[in-house]
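Structure assessment
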There are 2 protein chains.
Amino acid sequence: MGTPFELTILGSSSATPTSKRFPTAQLLNVAERFFLIDCGEGTQIQLRRNHIRFQRINHIFISHLHGDHYLGLMGLLSSLHLLGRKNPLHIYHPPGLKMIIDIQLEFSGTVLNYPIHWHEHRIDKQEIIYEDDWLKVQTILLNHRIPCCGFLFREKPRPFSIDKEKVLIHQVPVSQMNALKNGEDAVADDGTVIPNEAVTRGRAISRSYAFCSDTRYDERVIAQVKGVDLLYHEATFMHNLLERAKVTHHTTALEAGRVARLAGVKQLLIGHFSVRYRELDELLNEARQEFAQTALAEEGITFQIPEQWIVQKTI
Amino acid sequence: MGTPFELTILGSSSATPTSKRFPTAQLLNVAERFFLIDCGEGTQIQLRRNHIRFQRINHIFISHLHGDHYLGLMGLLSSLHLLGRKNPLHIYHPPGLKMIIDIQLEFSGTVLNYPIHWHEHRIDKQEIIYEDDWLKVQTILLNHRIPCCGFLFREKPRPFSIDKEKVLIHQVPVSQMNALKNGEDAVADDGTVIPNEAVTRGRAISRSYAFCSDTRYDERVIAQVKGVDLLYHEATFMHNLLERAKVTHHTTALEAGRVARLAGVKQLLIGHFSVRYRELDELLNEARQEFAQTALAEEGITFQIPEQWIVQKTI
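Attention in this report is confined to the structure presented alongside it. (Residues numbered from 1 in each chain as written. Chains lettered and ligands numbered in written order. Predicted model: local features only at pLDDT ≥ 70, side-chain atom pairs only at ≥ 80, totals over all residues.)

In this section: the overall build of chain A. Secondary structure assignment for chain A yields eleven helices and 18 strands. On C-alpha atoms alone, chain A measures out to a radius of gyration of 22 Å, which is about the 20 Å that the 2.2 N^0.38 rule sets for 315 residues. Across the 315 residues in chain A, those meeting the buried criterion constitute 46%. Considering only contacts in chain A between residues 6 or more positions apart, those separated by 24 or more positions represent 66%. (Helix = DSSP H or I, 4+ residues; strand = E, 2+ residues; numbered from the N terminus. Rg over C-alpha atoms; globule rule 2.2 N^0.38 Å. Buried ≥ 20, exposed ≤ 12 C-beta atoms within 10 Å, placed from the backbone. Contact = placed C-beta atoms within 7 Å.)

Laid out in structure tokens, this is it:
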């Protein structure tokens, strides 16, 4: 499989939970960085059930302040504290969340043993809110009843992987290694050009995941998620409840499929299902009318994007 | 069984939930009045799993503002709203809770469709916080790290049940019915005294339940729960962790049994178990060393206090 890029679904329900479905929460593992995306009530229970070690999570992204997307946060922060966390935790959030947490810490008489770094994101324009040597996270502007944004996780271009044996055979100078990693050809000491593909195994294609939590169908979203490997898009209702979807600022399964098709993504996951749907196959089938590569974002399922290697030089 | 007086356990875990145990929440049904006692994270999920209709709950009692006792409240209030509630809801709570809920309603852009009546309870003295024609609820002062109180539910003295056939036979005047209901003898029109027990079936004994959430072992608690039918007392640790219990303001299973014995209660339930105990039998056995009539307050279990009838007149 190579370096992991995998998404585990912890909750798939909209507004009110059911006896089987939890509200929205997902865990994304990109190269052993663990990102928690939304944190509905019961997320810590779902983390335990999925055998995910709480303390590996260093970054939490909250899309908006409807309860089904953040009410599990206070309990999780408290458990991290009780379980002895010392490492900093980063929380990316819309305005208001820090105040909500602070007041609860105050009344519970709790001083956390670890620092929280609060990163309040803008609600009026896209921005990069996280970046390290491996990936970037950018907000996605959505269209909901209250300020709400999605998140686009994208790996940075990966270096070309040098084949040590071939490098020896071709006598590539050490000074040329960075050029090779960048996808350029190497130049030997005698001036001979050694083609990149002769001494590297190529590179892994950078992968991407777009999380679109609560939103109306909105064409502006399509441009922002163009061509991603995996798109999660809410699909609260069937299309026969389109008017209800519009009023509540949600999307139908058919519309979610349309977003995926028009954005040319590779795979679509739908979730945030209304409690009225006991069986989810009808939602799935409806989305597939627009976009065949659709799956249900159900609790406990992990979706993997395997590494794919190419030898071409251009990114 | 007669009129119900029954307690359903929705959560038994302390501070952090496990994959099987939820934080504290209980539902008490007294004569078809449904009282929710504490409301840890995931309470609405547990209500669904136990097939309890949310809208039957009109009164919620919160013992204190540690997250494992109230973090499920915001989600429940929101679900009641989304499910169309119109009826008023009463919340009995320590200082601070209203502010915590209000700020979350504000940021989620929610105006509830039903009114909440907030009843802030005193933390320095016992008081009656609820009363109707059937029962009273009084606070129990506990000893915890932050302001915390328990709740004592006690039925009012029940009226004597009139035997209509015997009343006809003895020709009891209608004007004497209230006297009979109050346990007094009746007087016939000719001055003859008709003993109460000759024309009534006696009355049901009033029942009582005491809920003692988080507290250190404290003898002042014993006086407040004297002789109740059912006592719930936290038992976070085994007695070999007594020092840990003291530091964290909790009780050991042995101490919980001692409270029950010294208070002369009829039955004890222990709960609020530390996550370190996977099997709970050792806690149960330890409490039983002090008090044999002990049971575990485990998720999904309902404890009933059947009606008992007596014919004696004095209360």
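Our focus in this paragraph is the sheet that holds strand β9 (residues 149-155) of chain A. Residues and elements named next belong to chain A. Spatially, β7-β8-β9-β13-β14-β15-β16 is the arrangement adopted by the seven strands of the open sheet, whose pairing is mixed. Edge positions in the sheet fall to β7 (128-131) and β16 (294-296), since each of these pairs with one other strand and no more. Across this sheet, the average inter-strand angle for adjacent strands is 20 degrees, counted without regard to direction. With five bridges connecting them, strand β14 (residues 230-234) and strand β15 (residues 267-271) associate as parallel partners. In the strand pairing of β15, L231 is matched with L268. Lying over the sheet, helix α10 (residues 253-263) contacts β14, β15 and β16, oriented at roughly 150 degrees with respect to β14. Packing against the sheet, helix α11 (residues 281-290) makes contact with β15 and β16, and its axis sits at approximately 165 degrees to β16. (Pairing = 2+ DSSP bridges. Axes fitted to C-alpha atoms, helices over the stretch in contact; angles between N-to-C directions.)

The next point concerns the nonpolar core. Membership of the largest hydrophobic core comes to 148 residues, with the highest contact counts inside it found for A210, V225 and L231 of chain A together with A210, V225 and L231 of chain B. With sequence-adjacent residues up to four places away left out, V225 of chain B is seen in contact with I140, L152, A210, C212, L231, A263 and V265 of chain B. (Core = buried A, V, L, I, M, F, W, Y, C linked by C-beta atoms within 7 Å.)

Moving on to the interface of chain B and chain A. On the side of chain A, 32 residues touch chain B, which itself brings 32 residues to the contact. Put simply, the parts of the chain that give the side of chain B that touches chain A at least two residues each are α1 (43-49), α3 (73-82) and α4 (97-107) of chain B. Partitioning the side of chain B that touches chain A into residue classes produces 13 nonpolar, 15 polar and four charged. (Nonpolar A, V, L, I, M, F, W, Y, C, P; charged D, E, K, R; others polar.)

A word on the sheet that holds strand β1 (residues 5-11) of chain A. All names here are of chain A. The strand order across the open sheet built from seven strands is β6-β5-β4-β3-β2-β1-β17, with neighbouring strands paired in mixed fashion. Each end of this open sheet is capped by a strand with a single partner; those strands are β6 (116-120) and β17 (302-304). Averaged over all neighbouring strand pairs, the angle between strand axes comes to 20 degrees, with direction disregarded. With three bridges connecting them, strand β4 (residues 57-61) and strand β5 (residues 89-93) associate as parallel partners. Residue pairing across strands places H59 opposite H90, the latter belonging to β5.

Mapping chain B onto chain A calls for a rotation angle of 180 degrees and an axial translation of 0.0 Å; the resulting RMSD is 0.0 Å. Expressed as an axis order, the relation between the two copies is that of a two-fold axis. Measuring from the rotation axis to each C-alpha of chain B, the shortest distance belongs to G42 of chain B, at 2.7 Å. An overlap of 100% is found between the interface residues of chain B and their copies at the interface of chain A, pointing to a shared contact surface. (Least-squares fit on C-alpha atoms with pLDDT ≥ 70 in both.)

Residues and elements named next belong to chain A. Phi angles above zero are rare outside glycine, and A31 is one such case at about 50 degrees. Within the element layout of this structure, A31 appears in the loop between β2 (25-30) and β3 (33-39). We note that Q171 has phi near 50 degrees; this positive angle belongs to a residue other than glycine. Overall, Q171 belongs to the exposed group, with 12 C-beta atoms counted inside 10 Å.

Taken across its ten residues, α3 of chain B has eight buried, putting it largely inside the fold. Among the residues of α3 of chain B, those classed as buried are L73, M74, G75, L76, L77, S78, S79 and L80 of chain B. Contacts made by the buried residues of α3 of chain B are with α2 (67-70) of chain A together with β3 (33-39), α1, α2 (67-70), β5 (89-93) and α4 of chain B. The positive-phi residue at the C-terminal boundary of α3 of chain B is G84 of chain B, with phi of around 95 degrees.

The subject of this paragraph is the packing of helix α10 (residues 253-263) of chain B against helix α11 (residues 281-290) of chain B. The geometry of a pair of packed helices is captured by two quantities: the angle between their axes and the separation between those axes. Residue and element names in this part refer to chain B. Close contact between α10 and α11 brings their axes to 7 Å; oriented N to C, the two are set at 35 degrees. The handedness of the crossing between α10 and α11 comes out as right-handed. Each of A253, L254, A256, G257, R258 and R261 in α10 lies in contact with α11, whose residues at this interface are L283, E286, A287, R288, Q289 and E290. Of the residues that constitute the contact of α10 with α11, the class distribution is five nonpolar, two polar and five charged. (Left-handed = near helix turned anticlockwise from the far one by under 90°.)

Another point: the environment of F5 of chain B. Residues and elements named next belong to chain B. Take F5: it is sitting in strand β1 (residues 5-11). Assessed through the 25 C-beta atoms surrounding it within 10 Å, F5 is described here as buried. Counting along the chain gives 253 residues from F5 to R258, while the straight-line C-alpha distance between them is 25 Å. Contact partners of F5, with chain neighbours within four places excluded, come to V30, R207 and I305.

With that settled, consider the pairing of β3 of chain A. Residues in a regular strand point their side chains to alternate faces of the sheet. Residue and element names in this part refer to chain A. Most of β3 sits inside the fold, with five of its seven residues counted as buried. Here six bridges tie β2 to β3, and the two strands are oriented antiparallel to one another. The residue of β3 that forms the bridge with N29 is F34. A loop of two residues connects β2 with β3, the two strands running antiparallel in sequence, and A31 in this loop sits at a positive phi of about 50 degrees. In the sheet, β3 pairs with β4 via four bridges, with the strands oriented parallel.

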